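Commentary on secondary and tertiary structure
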Amino acid sequence: MKKFFINNGIMLSMVLAVVTGAIDDFFGEYFQPFKNSLLNIITYFIIVLLPMSLSIYYKNKKTTS
């Protein structure tokens, strides 16, 4: 799992950002609007940046160990 995030963390974050934006754009008209936009932004931020954060963490852990 570590090697996956080290090698693909940044690319996975970019793909998740595009997919999340596309889903929100395409299906936002068909679903009921979500009233708490701050929670929505925080959720998208966590989903998109988690793989990149794990990639950076495992790279730093690998170099220090």
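Before reading further, recall that the structure is shown in the block above.
Residues numbered from 1 in each chain as written. Predicted model: local features only at pLDDT ≥ 70, side-chain atom pairs only at ≥ 80, totals over all residues. Heavy atoms only, no water.

The next subject is the overall build of the protein. The number of helices and strands found in the protein is 2 helices and 0 strands. When the 65 residues of the protein are sorted by exposure, 14% land in the buried category. Just so you have it, the protein exposes about 5500 Å², and 70% of that area is on carbon and sulfur atoms. (Helix = DSSP H or I, 4+ residues; strand = E, 2+ residues; numbered from the N terminus. Buried < 20%, exposed > 50% of the residue type's maximum accessible area, 1.4 Å probe, protein only. Areas by Shrake-Rupley, 256 points an atom, 1.4 Å probe, with all protein chains shown as cover.)

The next subject is helix H2 (residues 37–64). In a regular helix each residue adds 1.5 Å, so 28 residues correspond to 40 Å; H2 covers 39 Å between its end C-alpha atoms and thus fits that length. The sharpest bend along H2 measures roughly 40 degrees and falls at leucine 49, with the proline proline 51 sitting one to four residues further on. Of the positions making up H2, those classed as buried are Val48, Pro51, Ser55 and Tyr58. (Expected span 1.5 Å × (residues − 1). Bend = angle between axes of the 7 residues up to and from the residue.)

Where nonpolar side chains cluster on the molecular surface, the patch consists of Ile10, Met11, Met14, Val15, Val19 and Ile23 and spans about 530 Å² of accessible area. Its location among the elements puts isoleucine 10 in helix H1 (residues 2–27). (Patch = residues over 30% accessible without salt bridge, like charges linked within 9 Å, V, L, I, M, F, W, Y side chains within 5 Å. Salt bridge = Lys/Arg side-chain N within 4 Å of Asp/Glu carboxyl O.)

Relative to the assigned elements, serine 55 resides in helix H2. Given a relative accessible area of 2%, serine 55 falls into the buried group. Beyond its immediate chain neighbours, meaning those up to four positions away, serine 55 contacts Phe5, Ile6 and Gly9. (Contact = heavy atoms within 4.5 Å.)

Our focus in this paragraph is the environment of leucine 12. Turning to its location among the elements, leucine 12 is positioned in helix H1. Between the alpha carbons of leucine 12 and leucine 49 there is a distance of 9.2 Å; along the sequence they are 37 residues apart. For leucine 12, the residues in contact, after removing those within four places along its chain, are Phe4, Phe5 and Pro51.

So, to be careful, I would describe these as geometric facts and stop short of saying anything about function.
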